Amino acid sequence: MKKLIFIFVLCILYNCNTSKSSSKIMGNKIVVAHRGASGYLPEHTMEAKAMAHAMNPDYIEQDLVLSKDDVPVVIHDIYLDDVTNAYEVFPDRKRADNRYYVIDFTFDELQQLQVTERFNPKTGKQFYSNRFPKGKGNFKLHSLQQEIELIQGLNYSTGKNIGIYPEIKNPEFHHNNGKDIAKITLDILSEYGYNTKSDKCIFQCFDAKELERVRKELNSDLFLVQLIEFEEETKQLAHFATYADGIGPWYKQLLSKKVDGKFTFTNLVERSHKYGLKVHPYTFRADQLDEFSSFDEMMHTLLIDANVDGGFTDFPDKMVAFLSKQ
Ligand code: G3P
Ligand code: CA
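Residues numbered from 1 in each chain as written. Chains lettered and ligands numbered in written order. Predicted model: local features only at pLDDT ≥ 70, side-chain atom pairs only at ≥ 80, totals over all residues. Heavy atoms only, no water.

### Focus on the pattern of salt bridges
Defined as follows: Whenever Lys or Arg places a side-chain nitrogen within 4 Å of a carboxyl oxygen from Asp or Glu, that contact is recorded as a salt bridge. Helical segments are the DSSP runs of H or I of at least four residues, strand segments are the runs of E of at least two, and each set is numbered from the N terminus. With a 1.4 Å probe rolled over the protein chains alone, any residue whose accessible area is under 20% of its type maximum counts as buried; one over 50% counts as exposed, and the rest are partly exposed.
By the definition in use, this model includes 25 salt bridges. The salt bridge partner of Asp70 is Lys179, with a shortest N-O separation of 2.6 Å. Of this pair, Asp70 sits in the loop between strand E2 (59–66) and strand E3 (72–74) while Lys179 is found in the loop between helix H6 (171–176) and helix H7 (181–191), placing the two residues 109 residues apart along the sequence. When its relative accessible area of 35% is taken as the criterion, Asp70 is described as partly exposed. Taking relative accessible area as the criterion, Lys179 reaches 13% and is therefore assigned buried. Between Lys325 and Asp296 there is a salt bridge, and its shortest N-O distance comes to 2.9 Å. Taken together, the residues Lys325 in the segment after helix H12 (316–324) and Asp296 in helix H11 (residues 295–305) connect sequence positions 29 residues apart. Put simply, Arg35, Glu43, Asp77 and Arg118 are held in one network by salt bridges that share partners.

Right, here's the structure in full:
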């Protein structure tokens, strides 16, 4: 009888463990639509954001650069020439380095540009050849405010609660041009109701000094994610934990060498979790699998085996589908 009770207790414990390591924990992993549904439509267009919203991610990402008149424009680079026809509309407005800078144009001027699928401005070649065809369609740049109104409007009309995940780009460049992109962005977020960690907004930045300033000088109470680009930054978790709530590493920083054909992992996730930091790696692409043989293998390896807390993807539908099967 004692043996039976013991086995019964073990089964309960096992089931608790199983459900913890599958549906419960999986349910907490977040999907971030990277630049919208950018695997299907030109990145950071309103169309890509509306499509992403329909795919039910937890958050939709906004990369931000200021215009000449201090409007936060949703675009990935401080340059215009990888995703627009600035060279056709404003041929005389490039700088000595042959590049067109967002910060040199007013928001009204930026509205005159066509946005297209990302391409190499030197060769004109589309970056991801199987994505939306370059030069087709009628896409425009837009502001952070316009995108928040789209997402909040869609949340209202669909009954969903999809969040935003803004990133201020290159704050040092902005400071050098007399602009405080962090403060301008935080003020707009506040106007739209994003003030605390319980509001559905995660604020991210690669620049550690600036993100620390966001917490300690600008007194933001938002959920902050410290993006990580370089290996040496993975050694600064103790410091990051003094102001941030999570880190956003390149997913390859989680992978170690393969042993007997199986992936092994660095201790970055484990160390981050010890400091109470969530881990949201970038960027999962179904058309750029690199070391993986399928998107599902990529998802299983990073989300389950490496135990991250979510991540950025150009294909939110595929990541949502993977998580819903767990
Ligand atoms: O912000 C995290 C993710 O978007 C990766 O960075 O270069 O695509 O903005 P990036
Ligand atoms: Ca980003």
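### As for the packing of aromatic side chains
As a reminder of what qualifies: Classification of ring pairs rests on two measures: the distance between centres of Phe, Tyr or Trp rings, Trp counted by its six-membered ring, which must be within 6.5 Å, and the angle between planes, read as stacked under 30 degrees, edge-to-face over 60 and tilted in between. Only when the NZ of Lys or the CZ of Arg is both within 6 Å of the ring centre and within 35 degrees of the ring normal is a charge said to sit over the ring.
Here the structure, examined in full by the defined rule, presents 13 aromatic pairs. Between Tyr79 and Tyr101, the aromatic rings sit 5.1 Å apart at their centres with planes inclined by 75°, giving edge-to-face as the arrangement. Note that Tyr79 is positioned in the loop between E3 and helix H3 (86–89) and Tyr101 in the loop between H3 and helix H4 (107–110), a separation of 22 residues in sequence. On the basis of relative accessible area, Tyr79 is assigned to the partly exposed category, the value being 24%. With relative accessibility at 8%, the residue Tyr101 sits in the buried group. One aromatic cluster is present, built from ring pairs that chain together Tyr251, Phe263, Phe284 and Phe292. Arg99 extends its terminal NZ or CZ atom over the ring of Tyr79, reaching a point 3.9 Å from the ring centre. The ring of Tyr59 is capped by Lys200, whose NZ or CZ atom sits 5.2 Å from the centre of that ring.

### Brief notes about the coordination of the calcium ion (ligand 2)
Quick reminder of the rule: Metal sites are built from N, O and S donor atoms within 2.8 Å, or 3.2 Å for Na, K and Ca, and they leave out water, so they may look incomplete. Angle rules define the geometry names used: all angles between 85 and 135 degrees makes four donors tetrahedral, while opposite donors over 155 degrees apart and all other angles between 65 and 115 make four donors square planar and six octahedral, leaving every other case irregular.
With distances of 2.1 to 2.4 Å, the protein atoms coordinating the calcium ion (ligand 2) are Glu61 (OE), Asp63 (OD) and Glu167 (OE). Coordination geometry of the calcium ion (ligand 2): the six donor atoms subtend angles of 60 to 151° at the metal centre, consistent with an arrangement described as irregular. The sequence pattern describing where the donors of the calcium ion (ligand 2) fall on their chain is E-x1-D-x103-E. A residue pair is termed long-range when its members are at least 10 positions apart, and Glu61 in strand E2 and Glu167 in strand E4 (residues 163–168) qualify at 106 residues.

### Structural notes on the site of ligand 1
Rule in force here: Nearness here has a simple test: a residue counts as near a molecule or strand if at least one of its heavy atoms is within 4 Å of that partner. The term polar contact refers here to a pair of N or O atoms within 3.5 Å; inside protein, the definition further demands a hydrogen-donor-capable atom paired with an acceptor-capable atom, and it admits residues adjacent in sequence only when both atoms are side-chain atoms. Reported accessibility uses the Shrake-Rupley method at a 1.4 Å probe radius. Residues are deemed covered only where the shown protein chains occlude them. By the convention adopted, Pro, Cys, Tyr, Trp, Phe, Met, Ile, Leu, Val and Ala count as nonpolar, Lys, Arg, Asp and Glu as charged, and the other residues, Gly among them, as polar.
All residues adjacent to ligand 1 are His34, Arg35, Glu61, Asp63, His76, Glu167, Lys169, Gln204, Phe206, Leu227, Tyr282 and Phe312. Take Glu61: an N or O atom from its side chain is 2.7 Å from an oxygen atom of ligand 1. At 2.8 Å from an oxygen atom of ligand 1 is found a side-chain nitrogen or oxygen belonging to His76. Considered on its own, ligand 1 offers 280 Å² of accessible surface; in the complex 90% of this is hidden by protein. Tallied by class, the residues present in the shell around ligand 1 amount to four nonpolar, three polar and five charged.

### A look at helix H8 (residues 208–216)
Every α-helical turn comprises 3.6 residues, leaving residues that sit three or four positions apart pointing alike. Defined as follows: When checking whether two residues touch, look at their non-hydrogen atoms; a contact exists if any pair is within 4.5 Å.
The complete set of buried residues in H8 reads Glu210, Leu211, Arg213, Val214 and Arg215. Where H8 is buried, its residues meet E4, H6, H7, strand E5 (202–205) and strand E6 (223–227). Regarding H8, its N-cap is Asp207, as a side-chain oxygen of that residue lies 3.1 Å from the backbone nitrogen of Lys209 further along.

### Topic: the nonpolar core
Definition in use: In this description, a nonpolar core means a group of buried Ala, Val, Leu, Ile, Met, Phe, Trp, Tyr and Cys residues linked to one another through side-chain atoms lying within 4.5 Å.
Judged by nonpolar contacts, the single largest core of 55 residues is most densely connected at Leu189, Phe203, Phe284 and Met298. Each residue touching Leu189, except ones within four places of it in the same chain, is listed here: Leu144, Ile148, Ile164, Pro166, Tyr194, Cys201, Phe203 and Leu222. Within the second largest apolar cluster, 23 residues are counted, among which are Ile78, Ala86, Phe90 and Val115.

### Section: the UniProt feature "domain: GP-PDE" (unreviewed entry) in the protein
Put simply, the rule reads: UniProt positions are given in the numbering used here, feature names are shortened, and annotations may be inferred rather than shown by experiment.
Summarizing the sequence annotation, UniProt attributes the feature "domain: GP-PDE" (unreviewed entry) to residues 29–323 in the numbering used throughout. Within residues 29–323, the helical portion is 30% and the strand portion 13%, while the C-alpha atoms at the span's ends are 8 Å from each other.

### Overview of the confidence of the model for the protein
Note: predicted coordinates in regions of low pLDDT should not be interpreted at a detailed level. Short version of the rule: Each residue carries a pLDDT score, the predictor's own confidence in it, on a scale running from 0 to 100.
Confidence along the protein averages 93 in pLDDT terms, with 92% of residues attaining 70 or more. Of the regions scoring below 50 in pLDDT, residues 1–25 engages in six contacts with residues more than four places distant in sequence or in other chains.

### Concerning H7
Heads up, the condition is: It is the directions from the helix axis to the C-beta atoms whose arc is reported.
Those residues of H7 not exposed but buried are Ile181, Ala182, Thr185, Leu186, Ile188 and Leu189. Take H7 and look down its axis: the buried residues cluster within an arc of 165°, on one side only. Two residues or fewer after H7 comes Gly193, characterised by a positive phi angle close to 95°.

### Examining the environment of Leu189
Relative to the helices and strands, Leu189 resides in helix H7. The sequence separation of Leu189 and Cys201 amounts to 12 residues, and the corresponding C-alpha distance is 8.5 Å.

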